[in-house]
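One-letter residues, chain by chain:
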Amino acid sequence: MTHSPTEIRALLAAGGVEPSRALGQNFLADANVIRKIVRLAGVRSGDRVVEIGAGLGSLTLGLAEAGAVVTAIEIDRRLVPILRSVVEPVGATVVQADVMEMDWPAQLGEGTWSLVANLPYNIATPVVLDLLATVPAIDRMLVMVQLEVGERLAATPGTKAYGIPSVRRAWWADAEVVGKVSPGVFIPPPRVESALVAIRRHEPAGDDAQRRAVFSLVEAGFGQRRKMLRRSLAEMVTPEAFAIAGIRPEARAEELVIADWLRLAAEANP
Ligand code: SAM
């Protein structure tokens, strides 16, 4: 039921649409990958799913086929009429909007939603992190992103990929790279490999004041990630505070788990 490469080319040609690189338009043209995304997202009949960047509706059709009630968001005016003609017959709702400026509470209302999306790669990290921080109604995500971005989002302490996005994500949710996707399944193919990342909300690691305190330490610590924390955090954390928090001043930012950052933030100068 999803689009073949020929159908994608035909839809683009009929609408006179040249894919926009600025909008990250790489359309999925592989039924197996779409089935895999729907399966990994754990979509069940009746689930409410929001899709960001629905494009020509390839993934929307796969989600609807699995019985999801889909709200499909798309910014590009050129694509919206095509998207409507493809996905409204299977019951999906199309919203023309810039996802960075959505009024999410008005759009989603009560209850919980999943996000399933082949995200525009240039805004993938802020989309995921902003939704985690501000839209609790979305309680799980299965997103396709650039491989490096996915690895950073899902990274655990002690790895090269562990950085600011990993800690910010870990504050709100668990994440795992659950698949890799090669450029050949897209029209046009992107220059990079892609990753499928599964994200599941848990209780936040602390309250808002703790989060602000932790995130400002994390920014400073990873801002100079090769330095020992006693240097990168010299203006915020005294030697006594390191000792009380039980953190070695010689440690580097990439070694600390959220619980370490929380103890350190509790002892830091605001
Ligand atoms: N879901 C389709 C698929 O898998 O074939 C298209 C995915 S494509 C990688 C990303 C889509 O996001 C494009 O259709 C693009 O126009 C849309 N997009 C880009 N920026 C957006 C934004 N700020 N808000 C909503 N949609 C956006």
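Small disclaimer: the values here were computed from a predicted structure and weren't measured.

Rules used in this analysis
Residues numbered from 1 in each chain as written. Predicted model: local features only at pLDDT ≥ 70, side-chain atom pairs only at ≥ 80, totals over all residues. Heavy atoms only, no water. Near = heavy atom within 4 Å. Polar contact = N/O pair within 3.5 Å; in protein donor to acceptor, adjacent residues only side chain to side chain. Areas by Shrake-Rupley, 256 points an atom, 1.4 Å probe, with all protein chains shown as cover. Nonpolar A, V, L, I, M, F, W, Y, C, P; charged D, E, K, R; others polar. Axes fitted to C-alpha atoms, helices over the stretch in contact; angles between N-to-C directions. Helix = DSSP H or I, 4+ residues; strand = E, 2+ residues; numbered from the N terminus. Parallel < 35°, antiparallel > 145°, perpendicular 65-115°, else oblique. Left-handed = near helix turned anticlockwise from the far one by under 90°. Contact = heavy atoms within 4.5 Å. Pairing = 2+ DSSP bridges.

S.K.: Now, about the site of the ligand: what can you tell me, with residues and values included?
M.R.: Of all residues adjacent to the ligand, which total 22 residues, the nearest are Leu28, Gly53, Glu74, Asp98 and Asn118. A distance of 2.6 Å separates an oxygen atom of the ligand from a polar side-chain atom of Glu74. Compared with its free state, where it exposes 600 Å², the ligand has 98% of that area covered by protein. Each residue belonging to the shell around the ligand can be placed in one class, and the counts come to 11 nonpolar, seven polar and four charged.

S.K.: Describe the packing of helix α8 (residues 164–172) against helix α9 (residues 208–223), naming the residues involved and giving the relevant values.
M.R.: In helix packing, the relevant descriptors are the interaxial angle and the interaxial distance, both defined with respect to the helix axes. Between α8 and α9, the least distance of the axes is 10 Å, while the angle of their chain directions is 160°. The pairing of α8 with α9 is recorded here as roughly antiparallel in orientation. The element α8 and its partner α9 pack so that their crossing is right-handed. Of the residues in α9, those in contact with Ile164, Val167, Arg168, Trp171 and Trp172 of α8 are Gln210, Arg211, Val214, Phe215, Val218, Glu219 and Phe222. Of the residues contributing to the contact of α8 with α9, the split by class is eight nonpolar, one polar and three charged.

S.K.: Which residues make up unusual backbone geometry, and what values go with them?
M.R.: Excluding glycine, residues mostly have negative phi values, and the peptide bonds linking residues are mostly trans. Residue Pro188 is reached from Ile187 by a cis peptide bond, and omega for that bond is -15°. Relative to the helices and strands, Pro188 resides in the loop between β8 (186–187) and β9 (194–201).

S.K.: Run through the sheet that holds strand β7 (residues 173–181), naming residues and quoting values.
M.R.: With mixed pairing, the seven strands of this open sheet are ordered in space as β4-β3-β2-β5-β6-β9-β7. At either end of the open sheet lies a strand with only one pairing partner, and these are β4 (93–96) and β7. Looking at each pair of strands side by side, their axes are set apart by 20° on average, direction ignored. As defined by bridge partners, β7 adjoins β9 across eight bridges and the pair is classed as antiparallel. Paired with Gly179 across the two strands is Leu196, which belongs to β9. Sitting on the sheet, helix α6 (residues 124–134) touches β2 (48–52), β5 (113–118), β6 (138–146), β7 and β9, and the angle it makes with β6 is about 170°.

Remember, this is a structural readout, not a statement about activity or role.
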